[in-house]
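Coordinate inspection notes
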Amino acid sequence: MDNSWVAALATAGMLVLLALGVPVAVCLGLSGFVGLWFIGGWDFALVQLESLPFSLTSTFSYSVLPMFLFMGNLAMNGGMARELYTAADRLIGHFRGGLLHATVAGSAAFSAISGSTVVNATVFTRISLPEMLRHKYSAGVAGACIAAAGCLAAMIPPSVTMIVYGILTSESIGALMVAGVVPGILTALAYAMLISILVRVDPSIAPTNQPRASRQERLSSLRQTWSIALLFLFIIGGIYGGYFSPSAAGAAGSFGAMVILAVRRRLSWDILSRSFIDAAVTSAMLFLILIGGLIFSRMLVMSGAVSDIVRFTTGLQLSPLMLMILLSLVYLVLGCLIDTLSMILLTVPFVYPVVKAAGVDPVYFGILLVVFIELGAITPPVGMNLFATVAASDGRVSMEQILRGISPFVLLNVVMLGIFLAFPQIVQWLPQQMASG
Amino acid sequence: MRKLERALELASSIATWIAGAAVLLMALLGGLDILSTVVIGRPLAAAVEGTEVLMVIAAFMGLGLLHKRRAYIAVDLLREHSGRGLRRVLDWLTLLLMGGYFGLIAWRGWNDAFESLAVREFSNGLVQIPLYPSKFCLAIGMSIAVLWCIVELLKGGLFRDATPQPDP
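Right, let's walk through the structure included here. In every chain, residue numbers begin from 1 and rise along the written sequence. Both sets of labels track the order of writing: A upward for chains, 1 upward for ligands. Local features are withheld for residues below a pLDDT of 70 in this predicted model, meaning they are given only at 70 or higher, and side-chain atom pairs are given and counted only at 80 or more; totals for whole chains, interfaces and linings count all residues. Only hydrogens and water are set aside when side-chain values are computed; all heavy atoms of the structure are taken into account.

1. Overview of the state of the cysteines
Here is the rule: In what follows, a disulfide is any cysteine sulfur pair within 2.5 Å. In this scheme, a residue with accessible area under 20% of its type's maximum is buried, one over 50% is exposed, and one in between is partly exposed, where area comes from a 1.4 Å probe on protein chains only.
Considering all chains together, one arrives at 0 disulfides over all chains under this definition. Here cysteine 27 of chain A stays free of any disulfide, with the sulfur of cysteine 149 of chain B as its closest cysteine sulfur at 14 Å. Classification of cysteine 149 of chain B as buried rests on a relative accessible area of 1%.

Pasting the structure below:
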């Protein structure tokens, strides 16, 4: 059988298994393995299965994945997220829709030490949703705001999404993280503007204003956030001060978080053990998917399908902008159908070579991919952040309510995507400044 | 069957704690490496190699708990709209394919681990660290996941519809 046919059948088989609800890691790995078997023979396929899991998980630069997960867990379990929310609430909670603003600000700041959109959505559902409901905020908009603000964790470094993209493409994870800073902050500001508009148009979304916190309360709550600010500055300062590499930043951040919690007398065995066990289990899940993804992409490369697709797309002679617009449309549809991590793993092996051949900056494309991920995480029916918010709300908000409130946030993300497409400098400016500095 | 399940629960629990300890050690090693570099101007010997070995342990020894928590990512679109009978079939299929795939990796993992032990494989670097313990951890973690699939198949093939059990 022709290798292109093998690749096509393996891809079709993988999609069928995916639709049947088989875990993504197994769909990718198994179909990739069968494809490799047909292309290179049984022994060849087995060698890949023997070498890839170990070589992937023993690569030092990928240690950022478990380490950033560990750091995020420590910060969450150690109460740092709650302190951020309290500070944001006291600073801006008295504005109309203030608790929604506080949620966005708190989630954006927590993103600086948490790399997972689902973790952010879960944490802020537990912290801010009960408060918003107590103040008679619209449950749908409150839930939607938490789910959407949680997506900032994908853009603001450190981001698991960027690490996965970096691993799959061998692009610099450090450069990706720097590139995410400005778009992340802009998206958070855009959310704040959107909330201001929403509560003006429909005051019933946030019917009550909180009393303004006293100056002393504001200052004391702000002082409580020193630990997160310090941790963030430690990581960024450490990387750009040359004290450690981006690959070691995860371990540095985890170590820093442990020291901070110990200094604040919060580092109990319970917090520590819950944090490292959860980090180990999430890492196992992510590495399993990455192993499957790499087996599958190896099969595609071996079959020649990737080169065929690149040849075909370059033959169309699309401008980089047209290509990006075309890909945006494809990703918008895909984001509604499959979960975000699977979307990266299924498409990047095909799309990355095409994008690179078209002369698009791979780091810039990585950031656009994150915007697609943000959209995918909040678009039904498989928006992971929507599920996370509903699951963590303990029945306080239903999926139907969130779906009614999510459309303005989805629309805003589409607008942000358009802005990043029209003005790539927004994404590329900071990495260029860092490189030239 | 119950005895096997209990043994597997114990194995998953021990393996998960080992994975967690590996995560903790990676953080400590990384932190001490930075301190050593900044304070005495010399990086900690074998910090990189040690991290690489620990990462393998962290990535695979947590598979038992991952399986028990049902923490795999899957697309549930079809499943949500299917009846109980079809969901049961899908659970069977999932366990069968998972068991097969993990079994292949475990099989090759054991093979690789014993080969590594036979040649006393060590990492490259100033301080040489044996690689075979981490290769055995890969095989053990995968084998625990395979055994969970087999036990659940023997118990009737409930996977996604089964209530996730509490952590060991």
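There's plenty left to go through after this.
2. Focus: the nonpolar core
Put simply, the rule reads: What is meant by a nonpolar core is a set of buried Ala, Val, Leu, Ile, Met, Phe, Trp, Tyr and Cys residues, joined one to another through side-chain atoms within 4.5 Å. Working definition: helices are DSSP H or I runs of at least four residues, strands are E runs of at least two. Numbering for both runs from the N terminus. Should any heavy atoms of two residues lie within 4.5 Å, those residues are counted as being in contact.
One finds Phe70, Phe365 and Phe409 of chain A together with Phe102 of chain B to be the most contacted residues of the largest nonpolar core, which totals 210 residues. No other element matches the 20 residues that helix α15 (residues 269-303) of chain A contributes to this core. Residues in contact with phenylalanine 70 of chain A, not counting those within four places in the same chain, are Ser254, Met258, Leu272, Ser275, Phe276 and Ala279 of chain A together with Val23, Leu24 and Ala27 of chain B.

3. Focus: the packing of aromatic side chains
Test applied: Only the six-membered ring of Trp is used, alongside the rings of Phe and Tyr, when aromatic pairs are assigned; centres must lie within 6.5 Å, and planes under 30 degrees apart are stacked while those over 60 apart are edge-to-face, with the rest tilted. Two limits define a charge over a ring: the Lys NZ or Arg CZ must be within 6 Å of the ring centre, and within 35 degrees of the ring normal.
Considering all chains together, one arrives at 19 aromatic pairs over all chains under this definition. Note on tryptophan 37 of chain A and tryptophan 42 of chain A: the rings are 4.8 Å apart at their centroids and 65° apart in plane angle, and the pair reads as edge-to-face. Classification of tryptophan 37 of chain A by relative accessible area gives partly exposed; the value is 40%. Between tyrosine 85 of chain A and phenylalanine 124 of chain A, the ring centres sit 6.4 Å apart and the planes meet at 65°, which makes this aromatic pair edge-to-face. Highlighted residues: tyrosine 85 of chain A in helix α5 (residues 80-92) and phenylalanine 124 of chain A in helix α7 (residues 117-134), separated in sequence by 39 residues. Three or more aromatic residues joined by ring pairs make a cluster, and in this case those are Phe33, Trp37, Phe38 and Trp42 of chain A. The ring of tryptophan 107 of chain B is capped by arginine 108 of chain B, whose NZ or CZ atom sits 4.7 Å from the centre of that ring. The positively charged end of lysine 135 of chain B is found above the aromatic ring belonging to phenylalanine 54 of chain A, 4.6 Å away from the centroid.

4. Focus on empty space enclosed by the protein
Stated precisely, the cut-off is as follows: Grid spacing is 1 Å over the protein atoms alone, the probe is 1.4 Å, and a cavity is where that probe fits but cannot get out, while a pocket is an open set with protein on both sides within 12 Å along at least five of seven lines and lining residues have an atom within 4 Å of a point. Grid points are joined across faces, edges and corners, and a volume is the space filled by probe spheres set on the points. Charged means Asp, Glu, Lys or Arg here, nonpolar means Ala, Val, Leu, Ile, Met, Phe, Trp, Tyr, Cys or Pro, and polar covers whatever is left, Gly included.
Scanning the model with the defined rule gives 2 cavities of 30 Å³ or more in all. Estimates place the volume of the largest cavity at around 60 Å³. If you trace the largest cavity, you find it lined by Leu49, Glu50, Pro53 and Phe54 of chain A together with Ile105, Arg108, Gly109, Asp112, Lys135 and Leu138 of chain B. Of all the elements in the fold, those that place two or more residues in the lining of the largest cavity are α3 (42-57) of chain A together with α5 (84-118) and α6 (132-154) of chain B. Of the residues belonging to the lining of the largest cavity, the class tally is 5 nonpolar, 1 polar and 4 charged.

5. Some details on helix α11 (residues 173-201) of chain A
Residues and elements named next belong to chain A. We count it as follows: Multiply 1.5 Å by the residue count of a helix minus one, and that product is the helix's expected span. Throughout, the bend at a residue refers to the angle made by two axes, fitted to the seven residues ending there and to the seven starting there. We call two N or O atoms a polar contact when they sit within 3.5 Å, provided that within protein one can donate a hydrogen and the other can accept it, with sequence-adjacent residues counted only if both atoms are side-chain atoms.
A rise of 1.5 Å per residue sets the reference length of α11, with its 29 residues, at 42 Å; its end C-alpha atoms lie 41 Å apart and thus fit the reference within 8%. A bend of about 30° at valine 181 is the largest found in α11, and the proline proline 183 appears one to four places after it. Residue serine 172 occupies the N-cap position of α11, its side-chain oxygen lying 3.4 Å from the main-chain nitrogen of glycine 174.

6. Concerning the pattern of salt bridges
Defined as follows: In the sections that follow, a salt bridge refers to a side-chain nitrogen of Lys or Arg positioned within 4 Å of a carboxyl oxygen of Asp or Glu.
Under the criterion given, the structure shown has 12 salt bridges over all chains. Across the pair glutamate 83 of chain A and arginine 266 of chain A runs a salt bridge whose closest N-O atoms are separated by 2.6 Å. Of the two residues, glutamate 83 of chain A sits in helix α5 while arginine 266 of chain A sits in the loop between α14 (249-263) and α15, which places them 183 residues apart along the sequence. Here arginine 2 of chain B ties to glutamate 5 of chain B by a salt bridge, and the two come within 3.6 Å at their closest N and O atoms. In this pair, arginine 2 of chain B and glutamate 5 of chain B are both assigned in helix α1 (residues 2-40), 3 residues apart and thus about one turn of the helix distant. When its relative accessible area of 6% is taken as the criterion, glutamate 5 of chain B is described as buried.

7. As for the interface of chain B and chain A
As a reminder, the rule being used: Accessible surface is computed with a 1.4 Å probe, and the buried area is the amount of it that two parts give up when combined, taken over both parts together.
Facing the 56 residues of chain B at the interface are 61 residues of chain A. Considering only the side of chain B, the residues that lose the most area to chain A are Ile73, Val75 and Tyr101 of chain B, jointly responsible for 16% of the buried surface there. Between aspartate 278 of chain A and arginine 69 of chain B there is a salt bridge, with the nearest N and O atoms lying 3.0 Å from each other. Only α1, α2 (47-60), α3 (63-69), α4 (77-80), α5 and α6 of chain B provide two or more residues apiece to the side of chain B that touches chain A. It is α1 of chain B that contributes the most residues to the side of chain B that touches chain A, 16 residues altogether. Its residues placed into classes, the side of chain B that touches chain A shows 40 nonpolar, 9 polar and 7 charged.

8. Describing the side chain of serine 31 of chain A
Residues and elements named next belong to chain A. Tracing the backbone through its elements, the reader meets serine 31 in helix α2 (residues 24-40). Only 3.3 Å separates the side chain of serine 31 from the backbone oxygen of leucine 28, close enough to count as a polar contact. Not counting residues within four places of it along the chain, the set of residues in contact with serine 31 comprises Ala10, Met14, Val26 and Phe296.

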